[in-house]
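Remarks on the overall topology
Here is how the chains run, residue by residue.
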Amino acid sequence: MLQAGDYMQFVSIDWTLVFQLCNTLILFLLLKKFFFKPVKAMIDSRAKEVSDTFAKADAAKAEAAQLKAKYEESLRSAREEAGQIVKSARTRAQKSADEIVSEAQAKASDLQLRAQEEIVQEKKRAMGELQSEIGSMAVMIASKIVEKDMNEADHEKLIQEFIRELGDESWKA
């Protein structure tokens, strides 16, 4: 059986173990204060930086999408405006072409009318000259007839001469 001294040995405290436990506790407290807290702060700081970087990237992505939408809208608007400008230019060109054609037709019609008027005037003038020449020839024939005593052959000859002179005069004019 066990004796009283044996209990002491069984319950005896090993101071080495207590000292090691104290050292471990002090080391843990020192590490917690000087190592774990700064490392945790550094890790938290890095995590915040990464989180901020992702947030900034998301914001930049959203802004880029917004700018892209604005760009596409302005590009669409510019295309529509260009289409309107081209359509307007075509309309103005067609209108201008129509005006030019109608002016040319009016001028041509005016020129044709003036030419017809000139032809009528020239015809009247030629008829006047012809009547004047015929009148002078008739007077000349009458004077020749009066000068001569005419028989029918002379009368025929005089008419032929008159017609020949009339033909020569009309070819000259």
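Let me begin by describing the structure that accompanies this report. Being a predicted model, the structure only gives us computed values, none of them experimental.

**Thoughts on the overall build of the chain**
When you go through the chain residue by residue, the secondary structure sums to three helices and zero strands. Within the chain, the proportion of its 173 residues that are buried is 2%. Here the chain has roughly 15800 Å² of accessible surface; of this, 63% comes from carbon and sulfur atoms.

**Some words on the packing of aromatic side chains**
Each aromatic ring pair is summarised here by two numbers: the centre-to-centre distance and the angle between the ring planes. Using the criterion set out here, one finds two aromatic pairs in the structure. For the pair Phe28 and Phe36, a centre-to-centre distance of 6.4 Å together with 55° between the ring planes defines the contact as tilted. Judged by relative accessible area, Phe36 falls into the partly exposed class, the value being 40%. Linked through ring pairs, Phe28, Phe35 and Phe36 together constitute an aromatic cluster.

**Observations regarding the pattern of salt bridges**
Enumeration according to the criterion identifies eight salt bridges in this entry. Across the salt bridge formed by Arg125 and Glu122, the nearest N and O atoms sit 1.9 Å from each other. Placement of both Arg125 and Glu122 in helix H2 (residues 15-147) is noted, with a separation of three residues, approximately one turn of the helix. The exposure class of Arg125 is partly exposed, given its relative accessible area of 41%. Between Glu129 and Arg125 there is a salt bridge, and its shortest N-O distance comes to 2.3 Å. Residue Glu129 and its partner Arg125 are located together in helix H2, separated by four residues, close to a single helical turn. Each of Glu73, Arg76 and Glu80 takes part in a single network of salt bridges with overlapping partners.

Parameters and conventions
- Residues numbered from 1 in each chain as written.
- Predicted model: local features only at pLDDT ≥ 70, side-chain atom pairs only at ≥ 80, totals over all residues.
- Heavy atoms only, no water.
- Helix = DSSP H or I, 4+ residues; strand = E, 2+ residues; numbered from the N terminus.
- Buried < 20%, exposed > 50% of the residue type's maximum accessible area, 1.4 Å probe, protein only.
- Areas by Shrake-Rupley, 256 points an atom, 1.4 Å probe, with all protein chains shown as cover.
- Phe/Tyr/Trp six-rings, centres within 6.5 Å; stacked < 30°, edge-to-face > 60°.
- Salt bridge = Lys/Arg side-chain N within 4 Å of Asp/Glu carboxyl O.

Everything listed here is a matter of geometry and, on its own, says nothing about what the molecule does.
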